[in-house]
Each structure stands twice: as structure tokens, then as C-alpha cells.
Amino acid sequence: MKVEDKVKIYLDKIKKENPRINAVLHINENALNEAREIDSKKKKGRLYGYVIGVKSNINVKGMIANCASKTLENYKSTFDATVIKKIKEEDGVLIGMLNCDEFAAGGSGENSAFGVTQNPAAPGRIPGGSSSGSAAAVAAGFCDVALGSDTGGSIRNPASHCGVVGVKPSYGLVSRYGLIDLSMSLDQIGTLGNNVGDAALLLDVIKGKDENDTTTFDSKQIEIDEVGKITVGVLKVKGVDKRIQSLIDSKITESVKKYGWKCEDIEIKHIDLAVQTYYPLVYVEFFSATRRFDGRKYGKKIEESCGEEVLRRILGGSEITKAEFSGTYYRKALEVKELIKEEFERALREVDCVVLPTCPGLPWKIGEGKKMKIEEIYAYDALTIPANLAGICAVSIPAGKIDGIPVGMQVMCGKGQESKMLSIAREIENI
Ligand code: GLN
């Protein structure tokens, strides 16, 4: 099928169903023209045929990247993020900008200034977040694949809740140039798709060293292959819904049986501190990143136009920064981050990958988040944050359903081991 015809189908579907799902904030009005142009090319790129959605915190020249915030409501990007440049070079067609929690701060999709996104796979429930629109757009069939960003789980959490695949790459695999920061020492752009293969292909296109982001490193092509006799490290964390843990356990048992893998329980001693370590880091870095939104250059003054969660982080970040001369919070958090990173490195020398659920609970009903304490909401990130603190790669793949609601499991590998991780994920997906 020509990509032009595919774009037509997607645009039609978005027109009909997006008023209900609310995954897409802005359509790329030029998508059909771009598709037509690509169809007529003699030599086509690796992403030919792929229609791609973009989280609203990634700059796409000429599109609105408002981070689902009133602060940047009419902010039109003047340049392409590195990932977008690479996608265009490989003939991917961008369909539009996708909803998210405001400035990627949240885990439910309820913090968007432009309304919550519905979970297409579990009607009436949150899609997860913060890349709520990215996961929902893939699940609803509004695009083939999507870009999201993951600071503490924002790709994997919604992927899990919407029943799709979501990859958080190792820190530095993908350029952050053109991503509007939540927490620059943890943020990574990653991919979501209907299957491991699609998410891996898009990741392979966008990865690579970039002189505009000095944290990036060179990497080999991502290849999905059969995996030999590996040892799977099983990580059990407190506070997981029993039904979720037993679903993941049986998925692991099935995989181990089918492929003749070995299985070993592993322990990450400081994992219970992950949430308390993560939030001070994010608050401080986010506070600092938002100082440019003072109402002069970009949009409105953030404190006067943002939602509750963003304001909480700005005020909290400012307080921590003031107290920092004594090294009470930020420096302590960095120390624990290092401990967790070392523990993962040690574990991943013994086993080939670490597996665990993606989220400790099922997606809650839309509106219930308002009644929850902020600590309860933050606790939902307990299983995803560790990979960001450790800088390693992690993927969430569908593991099954409970009462018809999707549940995801994570596979984590060491820094730069995306090929191995995605190969293992593909084997599990194929069961
Ligand atoms: N839920 C986490 C937070 O609110 C993760 C956000 C993210 O990964 N962007 O910070």
C-alpha cells in the first residue's frame, strides 16, 4: 500500500475517534503531501511506510510543541529535534503531535492541560503517562509507531497500560537535542509500537552520537536475533498487586521452558529507595530547566499558567535548591543513584537480563487520581524509575490481561545492550 493511502486511513480514523480518545493534539496538515512526495521517490528510506506520532515535548519544525501545557500553548517549533531529522531522512511520515502529562510530569495522562487521554485498551481507565498520547495513539491505530520520552517510566508505564511495546533506551543512546527537558540527567527519547520489531526499527533510526548532545555515544546497529541459553534474573519488588506478579511469573516460566533458559532470583538492595531518590533529582533539574519560561521568550510565565503538578515541582525544586548548600537532598540523591547503578551493573554481570512487572498496579479509573495522595501516585513509578537511575535500557512488552486490562512486563539489560534486550523481548513476545 502506498504511504499516502495509509495516511488517509489514519487521518480518517483520527477524525472519527480522536474526539473520544484525545491522543492527538495537533495533526500535521502537510502529512498527505509529504506522503505523496515520499511515494514518488525512486529510492526509499528505512522508515518508508511508517506513519509516526510525536510526543508534544519534541520539537518538529512548524508544529506546536506545547508539552500539553498552557504555558507553551501556541509555541511553534523553529527547528527539528535530532530524532525528527533522522526520521525525515529515512522517509517516515509524521502524523501529528501527541498528548501527554504537562511537561512530561506525571504517570497517568491526567495532568495534560488539554484533557485526559482515554485508554483505548481499557475504556474508562487512564492510559498511563506521561507519554499517554503516544501509547494511546498506537493502541487506537492512529499511527504505526510513536516517539515518547522516559525520565522515570513515561514510555513503559503507558505502554503497559495500553497493551503496546515501549522502549526506554540506555542514557545517551538517543540524542536529547530538541527534547524539552523534564530532568536532563534522566530523560531519554524512546519508541512505542505494536510489536518489538517496529519499536526496534524506529529506535535504530533515531539513535546515535550527536554533537548537539554530548552525553550521546556511538552504537552498533540494533539487530534482533535468536538468543541462546541465557540466564534470566527475576527481580521481586514489594508492593506489587499479587495478580500482576503471578501473571509475570507464569510468563517467565513459559519462556524459560520454551527456550531452555535458566532463571535466577536477583536482589537490588536499595531498590526501595528509588522513588525517594528520583523525585528530588527531578524537582531540582526541572526547576532549573523551567527558569527560561519567564514569559519573555517563550509563551507565558510558567508559574502563572501551569497546572498543579508542574507547580508542585517548581516550588519543591526551588526549596531543595535553596537548602542545597548543606547537600541535604540533591547530593544525597546522587549518591543513592550511584549505589543503584552499581547494584544493577553487578547483577547484570551474573545474569543476562532482569525481568519484573512494569507497574505495581492496574491503571486506575479516570478521575480516581484526584482522590489519591501524591505519594501513592509517585509509588506507581517504583518499578520503572530504577532503570533511569541506573542509565540502563528497559522495554515493556504486553504480558497478558487481568479482567480484560493489559499488563506489561519489563526486560532490562546493561547500558548499550539494546540488541540483546530487544532480542529477548521478541522471544517472549513470540510465545
Ligand atoms: N511519572 C514520573 C514522573 O512524574 C515519570 C515521568 C517521565 O518519565 N517523564 O516524573
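Presented here is an overview of the structure given in this document. If you're wondering where the values come from, they're calculated on a predicted model, not measured in any experiment. (Residues numbered from 1 in each chain as written. Predicted model: local features only at pLDDT ≥ 70, side-chain atom pairs only at ≥ 80, totals over all residues. Heavy atoms only, no water.)

### A short note on the packing of aromatic side chains
What the rule picks out here adds up to ten aromatic pairs. Aromatic side chains Tyr75 and Tyr298 sit 5.9 Å apart centroid to centroid with 80° between the ring planes, which places their arrangement in the edge-to-face category. One end of the pair, Tyr75, is in the loop between strand E2 (51–55) and helix H3 (82–89); the other, Tyr298, is in the loop between helix H8 (274–289) and helix H9 (302–305), and 223 residues separate them in sequence. The interplanar angle of 90° and the centroid separation of 6.3 Å between the aromatic rings of Tyr279 and Tyr283 together place this pair among those described as edge-to-face. Here the residue Tyr279 and the residue Tyr283 both occupy positions in helix H8, the gap between them amounting to four residues, near one helical turn. Considered together, Tyr279 and Tyr283 belong to a single accessibility category, that of buried residues. Here the aromatic cluster, defined as three or more aromatic residues joined through ring pairs, consists of Tyr75, Phe103, Phe286, Phe293 and Tyr298. (Phe/Tyr/Trp six-rings, centres within 6.5 Å; stacked < 30°, edge-to-face > 60°. Helix = DSSP H or I, 4+ residues; strand = E, 2+ residues; numbered from the N terminus. Buried < 20%, exposed > 50% of the residue type's maximum accessible area, 1.4 Å probe, protein only.)

### Digging into the layout of surface pockets
Of the pockets and cavities examined, the largest pocket occupies roughly 510 Å³. In terms of lining residues, the largest pocket is bounded by 26 residues, among which Asn111, Glu308, Glu309, Arg312 and Ile377 are the most central. Those elements that place two or more of their residues in the lining of the largest pocket are helix H10 (308–323) and helix H12 (374–379). Per-element accounting of the lining of the largest pocket gives the leading share, five residues, to H10. Split by residue class, the lining of the largest pocket holds nine nonpolar, seven polar and ten charged. Taken as a whole, the second largest pocket spans an internal volume of roughly 300 Å³. Lining the second largest pocket we find 18 residues, and of these Asn28, Glu34, Lys88, Gly92 and Leu94 sit closest to its centre. If you list the elements that add at least two residues to the lining of the second largest pocket, you get helix H2 (31–39) and strand E3 (93–98). In terms of residues, the lining of the second largest pocket owes the most to one element, E3, which gives four residues. (1 Å grid on protein atoms, 1.4 Å probe; cavity = no way out; pocket = protein on both sides within 12 Å on 5 of 7 lines; lining within 4 Å. Points joined across faces, edges and corners; volume = space filled by probe spheres on them. Nonpolar A, V, L, I, M, F, W, Y, C, P; charged D, E, K, R; others polar.)

### Concerning the packing of H3 against helix H6 (residues 196–206)
It is at 8 Å that the axes of H3 and H6 come closest, and there the two elements cross at 110°. Of the possible angle classes, the one that applies to H3 and H6 is roughly perpendicular. Here Val83, Lys86 and Ile87 of H3 lie close against H6, whose contacting residues are Leu202, Val205 and Ile206. For the contact of H3 with H6, the class distribution of residues is five nonpolar, no polar and one charged. (Axes fitted to C-alpha atoms, helices over the stretch in contact; angles between N-to-C directions. Parallel < 35°, antiparallel > 145°, perpendicular 65-115°, else oblique. Contact = heavy atoms within 4.5 Å.)

### Here's the deal with the pattern of salt bridges
Tallying each qualifying case throughout the model produces 26 salt bridges. For Lys236, the salt bridge goes to Asp249, with nearest N and O atoms at 3.8 Å. Of this pair, Lys236 sits in the loop between strand E7 (231–235) and helix H7 (242–259) while Asp249 sits in helix H7, placing them 13 residues apart in sequence. Classification of Lys236 as partly exposed rests on a relative accessible area of 45%. Residue Asp249 is classed as partly exposed on the basis of its relative accessible area, which comes to 26%. Note that Arg312 and Glu309 form a salt bridge whose closest N and O atoms lie 2.8 Å from each other. Taken together, the residues Arg312 and Glu309, both in helix H10 and three residues apart, mark about one turn of the helix. Overall, the relative accessible area of 29% leaves Arg312 in the partly exposed class. One connected set of salt bridges, linked through shared partners, spans Glu308, Glu309, Arg312 and Arg313. (Salt bridge = Lys/Arg side-chain N within 4 Å of Asp/Glu carboxyl O.)

### Observations concerning the sheet that holds E2
In space, the eleven strands of this open sheet follow the order E1-E3-E2-E4-E6-E5-E10-E11-E9-E7-E8, with mixed pairing throughout. A strand with exactly one partner marks an edge of an open sheet, and here the two such strands are strand E1 (24–27) and strand E8 (262–266). Within this sheet the neighbouring strands show an average axis-to-axis angle of 30°, counted without direction. Pairing of E2 with strand E4 (residues 145–150) involves three bridges; the strand directions are parallel. What sits directly across from Val54, in E4, is Leu147. Running over the sheet, helix H1 (residues 3–21) touches E1, E2 and E3 and is turned about 20° from E3. Sitting on the sheet, helix H4 (residues 132–140) touches E2, E3, E4 and strand E6 (188–193), and the angle it makes with E4 is about 155°. (Pairing = 2+ DSSP bridges.)

### Quick notes on empty space enclosed by the protein
One pass over the full model with this rule turns up two cavities of 30 Å³ or more. Space inside the largest cavity adds up to approximately 90 Å³. Contributing to the lining of the largest cavity are 16 residues, with Gly106, Gly152, Ser154, Tyr278 and Asp381 lying nearest its centre. Volume-wise, the second largest cavity comes out at about 40 Å³. Elements with a contribution of two residues or more to the lining of the second largest cavity: helix H5 (156–162) and strand E11 (405–413). Looking at the lining of the second largest cavity element by element, the count peaks at three residues for E11. Counted by class, the lining of the second largest cavity contains five nonpolar, five polar and no charged residues.

### Here we look at the site of the ligand
Taken together, 15 residues lie around the ligand, and Thr151, Gly152, Ser154, Tyr278 and Arg313 are the ones closest in. Contact between the ligand and Ser130: a nitrogen atom at 3.4 Å from a side-chain N or O atom of the residue. At 3.0 Å from a nitrogen atom of the ligand is found a side-chain nitrogen or oxygen belonging to Asp381. The fraction of the free accessible surface of the ligand (290 Å²) that becomes covered by protein chains is 99%. A majority-of-atoms criterion places the ligand in the largest cavity. By residue class, the composition of the shell around the ligand is five nonpolar, seven polar and three charged. (Near = heavy atom within 4 Å. Polar contact = N/O pair within 3.5 Å; in protein donor to acceptor, adjacent residues only side chain to side chain. Areas by Shrake-Rupley, 256 points an atom, 1.4 Å probe, with all protein chains shown as cover. Sits in = over half its atoms within 2 Å of the grid points.)

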